[in-house]
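Secondary and tertiary structure notes
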Amino acid sequence: MVAVALGFSCKKTFEDHPLTNTTADYIWDTTDPTGNYAQAWIIKIYSQLPTGYVRINGNLLESASDDAVPSNPGSATWNVINGGYSPLNTFDDNWANSYSAIRRVNVFLANYKKVPWQDPTIPRWLSSEARVLRAFFYYDMMKRYGGVPLVGDKVFDPQDPTLFTQKRSSFDACVKYVVSELDAVKDSLRPDATLAQRGSGNGTTDGTDGDFGRMRKSIALAIKAKVLLLAASPLFNPSSTPDLDYTGYPTYDANRWQQAANAAKDVMNLNLFALEANRYILNTTHVNKEFILVRFGASYQTTYGNLMSPVGYVVGNVAAQGVTSPTQELVDAFPMKNGKAITDPTSGYNPNNPYANRDPRLDQTVFYNGATWLKRAVQTYEGGLDKPNNNSVNSGVQTVTGYYAKKFLGNDANNSSYTPVMYHPSVTPTFCLIRYADILLMYAEAQNEFSGPDPSVYQAVEAIRQRAGLVPYALPVGLSQAQMRDAIRNERRIEFAFEEQRFYDIRRWKIAKSVYGTALHGVTITKNANGTFTYTPKVVATPYYDDKMNLMPIANNEIQVDKNMKQNPNY
Amino acid sequence: MKLIKIALLLALFLAGSNLFAQVKVSVNGRVLDEKNLALPGATIIEPANPKNAVAADINGNFRLTVSSEHATIKISAVGYVSSFIELKGRTTITVSLRPDQKGLEDVVVRAYSTQKKITATGAASTIKAAEVADIPTSSIQNTLVGRLPGFFSMQRSGQPGSSAADFYIRGQNSLNGDAQPLIIVDDIEYTYAQVSQMDVNEIESVTILKDASTTAVYGIKGANGVLIITTKRGKIGTPRINVRAESGIDKVIRFTDYSDAYTTAVLLNEAYINDSYGLATQKPLPYSAADLAAFKYGTDPYGHPNVNWQQALLNNYSTQQTYNVDISGGNPTVKYMTSLGYFTQDGILKHFAPIKAGDDVDNNYFYNRFNFRSNLDVSPTKTLNLQFDINGRFEVINNPAGIQEGSGLFKELEEFRSLAPMSTPLRFPNGSYGYSNQPGSNGFVNPIVALANGGYNRNFNNNFNIAFRGNQKLNFIAQGLEAKVVASYASNINEHRNETRGAGSMPVYNYNPVTNTYALKSGGSSQLFPYGQGIGNDAFNNTIILQGQLHYNRQFGDHNIDLLGVVNQNSYINGGNVSLNYRGISGTVNYNYKQKYILNFAVARNGNDVFNNTAKYGVFPAGSAAWNISEEKFFKKAFPFFDLFKIKGSFGTVGSDVPYINYINKAGLTSATSVIPYTVGGSNTMFGNAANEGALVNPNITWEIARKTDVGMELSMFNGKLTIDPDYFHEYRYHQIIAQGDVPLLIGQALPQKNIGITSNSGFDGDITYRTNFNNVRFAISANYSHAKNKIIYVSEAPNYPYQAQTGRQIGLTLGYHYVGFYQPSDFDASGQLKPGVPRPLTGTVQPGDLKYADLNHDGLITNADMTYLSKPNLPTDTYGLNLSVGYKGFSLQALFQGAFGYAVQINYEGSDAFNGNIRPWFTNAWTPYTAATATYPRITFNSNPNDLSGSTVSDFWFQDGKYVRLKSLELSYQIPQQWLQKLAVRSARIYVSGYDLLTFRNTGKFDIEPEIGAGQGYTYPLTANYYLGVQLGF
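Residues numbered from 1 in each chain as written. Chains lettered and ligands numbered in written order. Predicted model: local features only at pLDDT ≥ 70, side-chain atom pairs only at ≥ 80, totals over all residues. Heavy atoms only, no water.

**Section: the overall build of chain B**
To keep things clear, this is the line we draw: In DSSP terms, a helix is any run of H or I states spanning at least four residues, a strand is any run of E spanning at least two, and both are numbered starting from the N terminus. Relative accessibility under 20% of the residue-type maximum defines a buried residue, over 50% an exposed one, and the middle range a partly exposed one, all with a 1.4 Å probe and only protein chains included. Residues are treated as being in contact if the distance between any of their heavy atoms lies within 4.5 Å. All accessible-area figures derive from a Shrake-Rupley calculation using a 1.4 Å probe, and residue coverage is judged against the displayed protein chains alone. Counted as positive: Lys and Arg. Counted as negative: Asp and Glu. His and the chain ends are not counted at all. Every charge is mapped onto a representative atom, which is NZ of Lys, CZ of Arg, CG of Asp or CD of Glu.
Counting secondary structure elements, chain B contains 11 helices and 48 strands. Principal axes of the C-alpha set define a box for chain B whose edges measure 115 × 75 × 70 Å. Burial analysis of chain B (1035 residues in total) assigns 56% to the buried set. Looking at chain B alone, contacts between residues at least 24 apart form 70% of all its contacts between residues at least 6 apart. Accessible area for chain B stands at about 41,600 Å²; split by element, carbon and sulfur atoms hold 57% of it. Looking at charge distribution, chain B has the averaged site of its 84 positive side-chain charges lying 9 Å from that of its 79 negative ones.

Written out as structure tokens, the structure is:
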């Protein structure tokens, strides 16, 4: 009877295991000449590029910089503002994501040749793209941590003992590795699109470049320029801890600025990019003349409009949340429309009417009291629609500075809804990681440091100011190197506000302690009986900052489990 | 299969020693009990020639063929002292058996088998279901706590159909939460939920197996202990019909305390004052003195409502009823036991008339259960016994659907923003309803209109089981050898039907009492939308178990040998998954010499089909030994009052595979991949799908191992009047499947789990019972105690500070901050900023009255570097029970007190957050400058300071030691004298009243909460005290 019972059991009703589990041989399919899944493998790596927008605690990265603070006092970003970050509480930590992407690149490089590629250009392109991506992810770590372990083409097994003895490579070695990788593959990438293929024509539709966003030679050169500018920057050139080679170079070398300037110049000489005359095109398209490297599928959702808009707006029954409060410091960085800083007595700035006749980019970047948005004036005065001081509106969350962030939104002053272009549900959101304006200002910065403010420096900066709509856009002649440096740094700040540049720029320049470790301001606006406003400055935060924070801490776990792994100084 | 062959060979060998009878003589006889009534079913055997054996018939009569007219025969029956009779030439005898007070010959349940109590070696505890059958609770497990040493449980909810307690045997000892014991009901594996559905009337006994020697045969399923339930079977005798009818009420033990509108308003004003700290001007207060007066005196019920929503929506009691009928009986060929049961329990929700009269539905909480069981024994030949068991349970669980807060009605009641006492009046003068629209509210519509028109969610759970067993005695091969097969099928099919209507679509108004006008809620509808319906399948699963056994039991002079071999296979199919299969062989060897020296060895080799081939099968051996010192002559002489003095010990290993049911390993892959969509849509669909490497695979992953040691004693004195049964145990559990926390993230990939965790668990449990009779009074007292404390020995971690290491601590502690007091005004400078040197939290800004935490790393900041492991876990380390019973003639009274301690409850969610939550008693003792010395709650605020919230900044401030003693049950019954019944066609009758959870003594610390509700959020269905009046009739 026992035998009969066991005899029953021999008949299989079900397959041995769930066949829905795909296996590696589906990916590296030796029978698929198109390499369908191998190509899809690369797509996954693209998806690990930074997504920008509200990726930090539901807010902009700059809400932890001198450009803004979170409106919500309960936001976890306040922990960093008040107490900084630490190995146990890392901030914008990109270690795991970067090494995950690097592993995927290395898995690809180890396997892609198993596929019987019909078209030999595809594997050449893909393997080169993979190496450019890997270079980018190293750059993305270097700007945070300095030198990091270079793992080459290695794919680690969890039991591999060398996994537990990895050391941080020197900063120099990392720069050299990234540059050599980019140089090695820059001519085997898929060909660049022409300016005409990128250009959007009327500015509301995308260009025709079907491979936009794929790694090309132009992108490889742009990343190289980014890396070399990082290497030339004061934080690493030289390091303040010269005996720790992973924190930068032991000594200063002015030639690093020249290399950075040359690298930027190489991109300019391609003549494949141009500044879009209308800056709003950058918000409403993703294939255009100016974008060089973009992240597709960024967290730029149709909800971005109501996330950012002042809290008094209700669009399509959804109340706005106004999550970001830009600082007075950012607002004050915008010059007058005549190009003069507001601190210049001849600028025409009127503290009682502070937003009149300003750089047009101010209106494109922040919502200030009286700005027109969706057919009404923004009211950030006390008791106004957008600062109602009422707990029942948006749970009491409202601007703490008197401003809201507008960057990335369309020019919707006269629409009744957020601009239909970028918010159309069928349009993929993008986040621009490198655009041509950045190349110009990188060139200007490097060239100014290397050779002083020569005409090519003026030309690069003025191109940005001209496009911004400053009249006149020319910088004063005869600026000293230091004056030009300040001008370039301010230009970067206002041109790239909320594009994830400022947070790392102030660290790279080692000015974070002075500009961020100090009181940040907002403004209290009271409406007078006669309809005028009184503007009273107020302190909204006094962030905690220590110079050690110029380099980000490596997560504690990495240091604890690998005794060779060194933490950045003073953490 | 190999084992079966060996067993058969062994059996054939042993057969050679058979003795054969020469002469044949017939004896007729009758067996009677102590009252000289017929005792059916007694076994009559000639020990010298065990082939000669029969059972007494319904009238106690038997006819036995013996080998000689001077043979000795043995008459035995369960619960009676066996009697040996020398025939001395007689051919007709009458025997009266005495009841066995000591119980040493009683049969105790073990894995796959039974043993005599006197020769049992392992650690196990048993309770007869009859002892708990009268207790008015829907779930058998709720009756076990406090009665079985080593049994730990916590009852988290009182909701009909969900009130069953989770339980653990000797606590928990797992890093991955794998602590649920294996539950076996007549060879079928059950889950917690299925056990809770069982009708106690079907159950014969409940046994828990605690140590390695009793559980090793379950191999990779036994590490958490085993709970075995056996059901009633028919006995030889005339048909007996038992009818029970019970009816009772469930009274809410206590509702959560929420303050009235006046107190709430006063505190809200206080919060606004606190929230003006550091502002140039005081925020305007939400309520004026006139408002407060209106709340206090109820002078403006529409403008200033004051509603106790719990009272408005809930009754403080509900009802439950149980009906059972069982019929049992049989003759030596066929025995039967059939049982039908119906249980119904209502909820405490009040009924409200719907807007449309024809739409009335039953939306109250309720639980209905119908169950049946038919256990049939057929013996076509003297040596063959066949069993056919069929049983099923059909449940309906109902919940109201008109709930606006996802976590349920009780969460709604807790939320200030949903249902503050001043949110909206019960009803407006014209009969319409409002919505909460006071400051800070979220616009919830009046719950009365939402519930009355919102419909219900109804779940149908159907459980159906069949088991077949065949038992063939193989005396022709070897005396004492038998073979058994078991085949069973168990299934669950759960479905639901929801009849619902969203609360947002219900017509609600704002009423202005001054102008007597009504305004429809903005965006609302004056029309009631039709009901929507949702139906669907929630669960389908089944298990098929096949089992074969060979059992050999034989006495050779003073040597007694018992061998058992089992092969089994178990296939589990859950929903759309492929089947999960187990296969194994196991066996036990029991040997005793004169019932004095006892040795036991058990081993299992089994595995599942998930682990890789190299790691598939595990071998789990265990051994135990016992010495019945009381059987020694010197001991009997010295301590004649001892019936039993047994010392025993066991050691062995048991496994568990529960934490890892993942087929990746089964495919033998070194890496798994999946294709995830990464589509970039719209006009630029450039990138298409993305392919990805799945988490890494650990091909060596395998079962967990628990190494268990147990030493204990069993003492019985004065003819069973006093028994003591203590055990000490230690369990070392290793190869636990946990995540790797000590590998660099540099690897760039999610890591597989590994068999690396180690914990230990040790403690003691035992019981002591004294029972006696004074004149006609029967008296018994029994106490039991269980202690189990675990410790983490290895968990893969890389703590930055020693105080953040889990190693060395108890399992299940919370990482959080250590509370050191409130921030006092002296901590702040004139501008309201913290003075230098006072630790400053990163979360939110603080002011006097906020919670202050220890700066463990002395950096002047309160960061997550200051977190440490706090307080106590959520399951008690100690639980105990005291059971008293007194009987006089037909009356009997029984009371059980049960208590537990050694755990902590975290106050959380709205319970820590005033004005997200309604006002709890402890909020009223908030910090103010005047109450700084005595405050037990931080300063009250309307703006939820994250520093002070249990959810976002957990600290030991929010933990309260859990401890309680309950009067768990109390029963009074009266057995009506038989002479009163003789004229009626009633054999026996009993009436009884009983109660469950009648009294609770709890730790009323700063947070006055129900001690068994685990998370302290206080929004579960309240526990109820249950009272029954029952009648039991036998025919």
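**A short note on the sheet that holds strand 2 (residues 43-45) of chain B**
Residue and element names in this part refer to chain B. The criterion, for reference: A pair of strands is considered paired only if DSSP assigns at least 2 bridges between the two. Orientation is described by lines fitted to C-alpha atoms, with helices fitted over the stretch in contact, and by angles between N-to-C directions that extend from 0 to 180 degrees.
Taken together, the four strands give an open sheet; going across it, the order is 3-2-5-6, and neighbouring strands pair in antiparallel fashion. What marks the edges here is a single partner per strand, and that holds for strand 3 (53-55) and strand 6 (83-86). Across this sheet, the average inter-strand angle for adjacent strands is 20°, counted without regard to direction. When strand 5 (residues 72-76) meets strand 6, the two strands line up antiparallel, connected through four bridges. Bridge assignment links Ile-75 to a residue of strand 6, and that residue is Ser-83.

**Remarks on the packing of aromatic side chains**
The test is simple: Pairing of aromatic side chains here covers Phe, Tyr and the six-membered ring of Trp, requires ring centres within 6.5 Å, and sorts the geometry by plane angle: under 30 degrees stacked, over 60 edge-to-face, intermediate tilted. For a Lys NZ or an Arg CZ to count as sitting over a ring, it must be within 6 Å of the ring centre and within 35 degrees of the ring normal.
Under the criterion given, the structure shown has 79 aromatic pairs over all chains. Relative to Trp-958 of chain B, the ring of Phe-957 of chain B has its centre 4.8 Å away and its plane inclined at 85°; by these criteria the two rings are edge-to-face. Assigned by exposure class, Phe-957 of chain B and Trp-958 of chain B land together as buried. Linked through ring pairs, Tyr-819, Phe-822, Trp-922, Phe-923, Tyr-937, Phe-957, Trp-958 and Phe-1007 of chain B together constitute an aromatic cluster. Residue placement shows Arg-376 of chain A over the ring face of Tyr-313 of chain A; its charged tip is 3.7 Å from the ring centre.

**Here we look at the sheet that holds strand 7 (residues 92-96) of chain B**
Residue and element names in this part refer to chain B. Read from one edge of the open sheet, three strands run 4-1-7, paired in mixed fashion. Unpaired on one side and paired on the other, strand 4 (61-66) and strand 7 mark the two borders of the sheet. Averaged over neighbouring strand pairs, the angle between their axes works out to 30° when direction is ignored. Pairing between strand 1 (residues 25-32) and strand 4: six bridges, direction antiparallel. From the neighbouring strand, Val-27 faces strand 4, where its bridge partner is Leu-64.

**Things to note about the confidence of the model for chain B**
The following threshold applies: What pLDDT expresses is the predictor's confidence in each residue, scored from 0 to 100.
The pLDDT averaged across chain B works out to 86; a share of 94% of its residues lies at or above 70. Across residues 6-22 of chain B the pLDDT falls below 50, and counting only partners more than four positions away or on other chains, this stretch makes 21 contacts in the model.

**Thoughts on the pairing of strand 27 (residues 559-574) of chain B**
Residue and element names in this part refer to chain B. Taken together, the 16 bridges between strand 26 (residues 532-556) and strand 27 define a ladder with antiparallel strand orientation. Directly across from Ile-544, in strand 27, lies its bridge partner Ser-571. A loop of two residues connects strand 26 with strand 27, the two strands running antiparallel in sequence, and Gly-557 in this loop sits at a positive phi of about 60°. Here strand 27 pairs with strand 28 (residues 580-593) via 14 bridges, running antiparallel. By the bridge assignment, Leu-563 is partnered in strand 28 with Val-589.

**Examining the pairing of strand 12 (residues 520-527) of chain A**
Residue and element names in this part refer to chain A. Bridging between strand 12 and strand 13 (residues 533-541) involves eight bridges; their strand directions are antiparallel. Opposite Leu-520, over in strand 13, you have Ala-541 as the bridge partner. Here strand 12 folds back onto strand 13, and the loop between the two strands holds five residues, one of which, Gly-531, carries a positive phi near 90°.

**Considerations on the side chain of Asn-52 of chain B**
Residues and elements named next belong to chain B. Rule in force here: In protein, a polar contact requires one atom able to donate a hydrogen and another able to accept it; more generally it is a pair of N or O atoms within 3.5 Å, and residues adjacent in sequence count only if both atoms are side-chain atoms.
Residue placement: Asn-52 occurs in the loop between strand 2 and strand 3. Separated by 2.8 Å, the side chains of Asn-52 and Glu-46 make a polar contact. Here Thr-65 takes part through its backbone oxygen, which lies 3.5 Å from a polar atom of the side chain of Asn-52. Contacts of Asn-52, omitting those with residues within four sequence positions, involve Ile-44, Ile-45, Glu-46, Leu-64, Thr-65, Val-66 and Ser-67.

**Details of the confidence of the model for chain A**
Residue and element names in this part refer to chain A. Mean pLDDT over chain A stands at 90; residues scoring 70 or higher make up 93%. Across residues 1-9, confidence stays below pLDDT 50; counting only partners more than four residues off in sequence or on other chains, it has 13 contacts. In this model residues 423-427 is a low-confidence stretch, pLDDT under 50, and it forms 15 contacts with partners more than four residues away in sequence or in other chains.

**Here's the deal with helix 3 (residues 36-46) of chain A**
Counted residue by residue, helix 3 of chain A has eight buried out of 11 residues, so it is predominantly covered. Taken as a whole, helix 3 of chain A has its buried residues at Ala-38, Ala-40, Trp-41, Ile-42, Ile-43, Lys-44, Ile-45 and Tyr-46 of chain A.

**Focus: the nonpolar core**
We apply this condition: Each nonpolar core is a collection of buried residues, namely Ala, Val, Leu, Ile, Met, Phe, Trp, Tyr and Cys, held together in the definition by side-chain atoms within 4.5 Å.
Judged by nonpolar contacts, the single largest core of 166 residues is most densely connected at Phe-108, Tyr-138, Ile-223 and Ile-439 of chain A. Per-element accounting of this core gives the leading share, 14 residues, to helix 6 (residues 121-145) of chain A. Here Tyr-138 of chain A is in contact with Tyr-99, Ile-102, Val-148, Pro-149, Leu-150, Val-151, Gly-152, Tyr-177 and Val-178 of chain A, once residues within four sequence places are set aside. Counting residues in each nonpolar core, the second largest holds 71 residues, with Val-132, Met-198, Ala-271 and Trp-922 of chain B among its members.

**Comments concerning a nonpolar patch on the surface**
Residue and element names in this part refer to chain B. Keep this limit in mind: Patch membership requires more than 30% relative accessible area and the absence of a salt bridge. Residues of like charge join within 9 Å; the nonpolar side chains Val, Leu, Ile, Met, Phe, Trp and Tyr join within 5 Å. Definition used for salt bridges: Asp or Glu carboxyl oxygen within 4 Å of a side-chain nitrogen of Lys or Arg.
Nonpolar side chains collect at one region of the surface, where Ile-241, Tyr-323, Val-325, Ile-327, Leu-340, Tyr-342, Phe-370 and Phe-1035 lie side by side and expose about 630 Å² of accessible area between them. Of all the secondary-structure elements, those providing two or more residues to the nonpolar patch are strand 18 (317-330) and strand 19 (334-346). Looking at which element gives the most residues to the nonpolar patch, the answer is strand 18, with three residues. Turning to its location among the elements, Val-325 is positioned in strand 18. Relative accessible area serves as the criterion here: at 33%, Val-325 is assigned to the partly exposed category.

**Some details on the pattern of salt bridges**
If you walk through the whole model with that rule in mind, you get 69 salt bridges over all chains. Taking the shortest distance from any N to any O, the salt bridge between Arg-244 of chain B and Glu-246 of chain B comes out at 2.9 Å. For the residue pair Arg-244 of chain B and Glu-246 of chain B, the accessibility class agrees, reading buried in each case. We note a salt bridge from Arg-966 of chain B to Asp-997 of chain B, for which the minimum N-O separation is 3.7 Å. Taken together, the residues span a long stretch of sequence, with Arg-966 of chain B in strand 46 (residues 959-975) and Asp-997 of chain B in strand 47 (residues 988-1002) at a distance of 31 residues. The exposure classification of Arg-966 of chain B matches that of Asp-997 of chain B, with both residues buried. Through salt bridges with shared partners, a single ionic network connects Arg-279, Glu-290, Asp-359, Arg-361, Lys-407, Arg-435, Arg-465, Arg-467, Glu-491, Glu-495 and Glu-499 of chain A.

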